[in-house]
Amino acid sequence: MNPGKGFQKVLQCLLVLIILSGGMTSALLAIEPKEILTRSLEARFQLNFEGIQETEFRRSGKRYIITTRVIRQKPDFTYTATLAPARFKRWIALDDGEFRIEHIRGSNKFEFFPSENSPEAKEIRRKNLNLIKKNYKISRLLDGYILARPVYVISLIPKHPGNPRRKVWIDKKTYLPLKKEDYNWKGELISAFHYTKIHFDRRFSKEKFYGEFPQRTRKKVSSPERFLNLKDLRRKIRFPVSLPHYLPAGYEFQEAVLLFEGRAVKLTYTNGLGVICLFQMPSNIKLRGHLEGAHPLVWRKTGKTFDLKGDVPRKELIKIRQSVK
Amino acid sequence: MSCKKWKKKLSSYLDNEVSSREKSKIEKHLKSCRACFNQFKQLERVHRLVQSIQPEKLRPGFYERLSERLCQKKTTLREKLVPWRYGWQLSFPGVGKIAIAVSAVLLVSVSFYIWRSATSYEVNIKVFEEEYFRSQQMNSFVGELALPVFFEIE
């Protein structure tokens, strides 16, 4: 036996071992896609930054692109102002952790909503994440770059057909989502956003932003009442609520919101990403802008008017409608 | 002239309220007509008797009390049934009445409008579209809520 050949074999074995152990170590150290997604959930509340965000969405068959300036100051301050298109330019929003106020500059229009960082919103996000983990196959694609920053690319593929899917680009350093794309069950892009500019560790005086809102918005009024369970809702509402007894696979009750001072209610169901909303109100309340019988998902039954909306196949919506009792 | 007509004028004759020509005619008739003369004598006696009665002396303050009682207007049944109507007529001048009537009409109109709005509430279907959109946004927890929901998006 040639001693040189034996040494060569030993070296080859060692090399294979080193490669294998290296691969295993990196596999053990590599962060799980579920963990990346979980960390990204609350990342924005732990950062100070200023960014320009471009949001694209479709509504009633039309495509809209809105550019906004976003300022976040940890732990719970957000200022958002629309920069383009020109007709939305006067719109601004401020979230101080207690309320979210939306206002149109130079007008008396302003509306209050619960803060994105309120305990209810946090609870909804936590539940949604659990639903996503349950209803979606979360996988990590090839890493990439957004604004010259290395990012994880996470893909959410639904386990049940007919549900929307998502692709999200998450900053490796801060876990802030820098880009997102949502597609419906037909594979059409329904909404997307990405940052065109972002500067971390920028600090601003919050008072400067409060000055842009009318004085009376400082006096906070209550936002629409929200219920995370139907028992509490039934205690508060003025009319008997009808519920759908069929929901597409993976969908669960998320929340109920009272509208028009309790005259109507919105029931929201989700699978973590997709949303189905069932609106209902007593039939003595007129529904303006709708022709009787013009849309199969707006109907009257047992003294109530219903409106069903959701980005799921139409046959699924019809099934839900038929199950409402 | 018949006696009936002369008899009607006897009282005026006694009170000296007839003309001299009529007076001579009446005297001429009384001389010729026994029945009329008898009635004249009876009337003359009554006249004399009335004039001989001494007037009763009034108690002091009689006129004041009378005036006071006359002022106390007797309330009729109609006035009792609709006292406000008479009160209204007495209390307000013409312009005031018009102002009150206009205010009443306005009050009724405003009340009707409030009642109508309270009973017939209207909801625009666009609000449901916006609310659905808001739910979609809230569920898309990775980005900022950057959509002006309450803008009219046409």
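Before reading on, note that the structure itself is shown above.
Keep in mind that this is a model prediction, so the values were computed, not measured.

A. Inspection of the overall build of chain A at higher detail. Tallying secondary structure elements over chain A gives six helices and 18 strands in all. Looking at the 325 residues of chain A, the share that counts as buried comes to 30%. Expressed as a percentage of contacts within chain A between residues at least 6 apart in sequence, the contacts between residues at least 24 apart total 48%.

B. Geometry of the overall build of chain B. Helix and strand counts for chain B stand at nine helices and one strand. Each helix and strand of chain B, placed in order from N terminus to C terminus, yields the pattern α-α-α-α-α-α-α-α-β-α. Considering chain B as a whole, with its 154 residues, one finds that 12% of them fall into the buried category. Of the contacts formed within chain B by residues at least 6 apart in sequence, a portion of 39% connects residues at least 24 apart.

C. Representation of the pairing of strand β8 (residues 149-158) of chain A within the structure. Residues and elements named next belong to chain A. Here strand β7 (residues 136-146) pairs with β8 via nine bridges, running antiparallel. The residue bridging Y145 from the neighbouring strand is P150, located in β8. Connecting β7 to the antiparallel partner β8 that follows it, the hairpin turn spans two residues, and L147 within it adopts a positive phi of roughly 50 degrees. Direction of pairing for β8 relative to strand β9 (residues 165-171): antiparallel, over a ladder of six bridges.

D. Inspection of the environment of B:S11 at higher detail. Among the structural elements, B:S11 can be located in helix α2 (residues 10-14). For the pair B:S11 and B:H47, spaced 36 residues apart in sequence, the C-alpha separation works out to 9.1 Å.

E. Quick look at the environment of A:F45. Residue and element names in this part refer to chain A. By secondary structure assignment, the location of F45 is in the loop between α2 (33-41) and β1 (49-59). Using a count of 16 C-beta atoms within 10 Å as the deciding quantity, one classes F45 as partly exposed. Counting along the chain gives 32 residues from F45 to F77, while the straight-line C-alpha distance between them is 8.1 Å. The residues contacting F45, other than those within four sequence positions of it, are K74, P75, D76 and N117.

F. Unusual backbone geometry, seen in detail. Residues and elements named next belong to chain A. The amide bond that connects K74 to the next residue, P75, takes the cis arrangement and shows omega of 10 degrees. Among the structural elements, P75 can be located in the loop between β2 (62-73) and β3 (77-84). In this structure, P85 follows A84 across a cis peptide bond, with omega equal to 0 degrees. Along the chain, P85 falls in the loop between β3 and β4 (91-95). The backbone phi angle of Y175 is positive, close to 65 degrees, even though this residue is not glycine. Along the chain, Y175 turns up in the loop between β9 and β10 (177-183). Y175 gets classed as buried once you count the C-beta atoms within 10 Å, which come to 21.

G. Structural context of the pairing of strand β6 (residues 110-114) of chain A. All names here are of chain A. As paired strands, strand β5 (residues 99-104) and β6 are joined by five bridges and run antiparallel to one another. Counted as the bridge partner of R100 is F113 from β6. Linking β5 to β6, which pair antiparallel, is a turn of five residues; within it G106 sits at a positive phi near 80 degrees.

H. How the structure looks around the interface of chain B and chain A. Contact residues are listed per partner, giving 27 residues for chain B and 48 residues for chain A. Contributing elements (two or more residues each) for the side of chain B that touches chain A: β1 (122-124) and α9 (125-139) of chain B. In terms of residues, the side of chain B that touches chain A owes the most to one element, α9(B), which gives ten residues. Pairing geometry for strand β16 (residues 286-288) of chain A and β1(B), over three bridges, is parallel. Paired with A:R288 across the two strands is B:N124, which belongs to β1(B).

I. Seen up close, the sheet that holds strand β13 (residues 252-259) of chain A. Here six strands make up an open sheet; going across it, the order is β12-β13-β14-β15-β18-β17 (chain A) and the pairing antiparallel. The open sheet is flanked by β12 (226-227) and β17 (298-301) of chain A, the only strands paired with a single partner. Sheet topology note: the strand β14 (residues 264-270) of chain A/strand β15 (residues 275-282) of chain A ladder contains six bridges and is antiparallel. Looking at the pairing, A:Y269 lines up with A:I276 of β15(A). Most of the contacts of α9(B) go to β15(A), to which it runs at about 145 degrees, and overall it touches β13, β14, β15 and β18 (304-310) of chain A.

J. Structural context of the sheet that holds β10(A). Residue and element names in this part refer to chain A. An order of β6-β5-β4-β3-β2-β1-β11-β10-β9-β8-β7 is seen for the eleven strands of this open sheet, with the pairing classed as antiparallel. Edge positions in the open sheet fall to β6 and β7, since each of these has one partner strand only. Taken pair by pair, the neighbouring strands of this sheet meet at an average axis angle of 15 degrees, ignoring direction. Of the strand pairs in this sheet, β2 and β3 are connected by seven bridges, and their pairing is antiparallel. Looking across to β3, one finds that R69 is bridged to A81. Packing of α2 onto the sheet brings it into contact with β7, β8, β9 and β10, and relative to β7 it is tilted by some 75 degrees.

K. Structural view of the nonpolar core. Core analysis: the biggest nonpolar cluster contains 21 residues, and A:A264, A:L267, A:Y269, A:I276, A:C277, A:L278 and A:F279 have the highest contact counts within it. For this core, the secondary-structure elements that each account for two or more residues are β13, β14 and β15 of chain A together with α9 of chain B. With six residues, β15(A) is the single largest residue contributor to this core. Excluding residues that lie within four positions of it along the chain, A:Y269 makes contacts with A:L247, A:Y251, A:E252, A:F253, A:Q254 and A:I276.

What counts, and where the lines are drawn
- Residues numbered from 1 in each chain as written.
- Chains lettered and ligands numbered in written order.
- Predicted model: local features only at pLDDT ≥ 70, side-chain atom pairs only at ≥ 80, totals over all residues.
- Helix = DSSP H or I, 4+ residues; strand = E, 2+ residues; numbered from the N terminus.
- Buried ≥ 20, exposed ≤ 12 C-beta atoms within 10 Å, placed from the backbone.
- Contact = placed C-beta atoms within 7 Å.
- Pairing = 2+ DSSP bridges.
- Axes fitted to C-alpha atoms, helices over the stretch in contact; angles between N-to-C directions.
- Core = buried A, V, L, I, M, F, W, Y, C linked by C-beta atoms within 7 Å.

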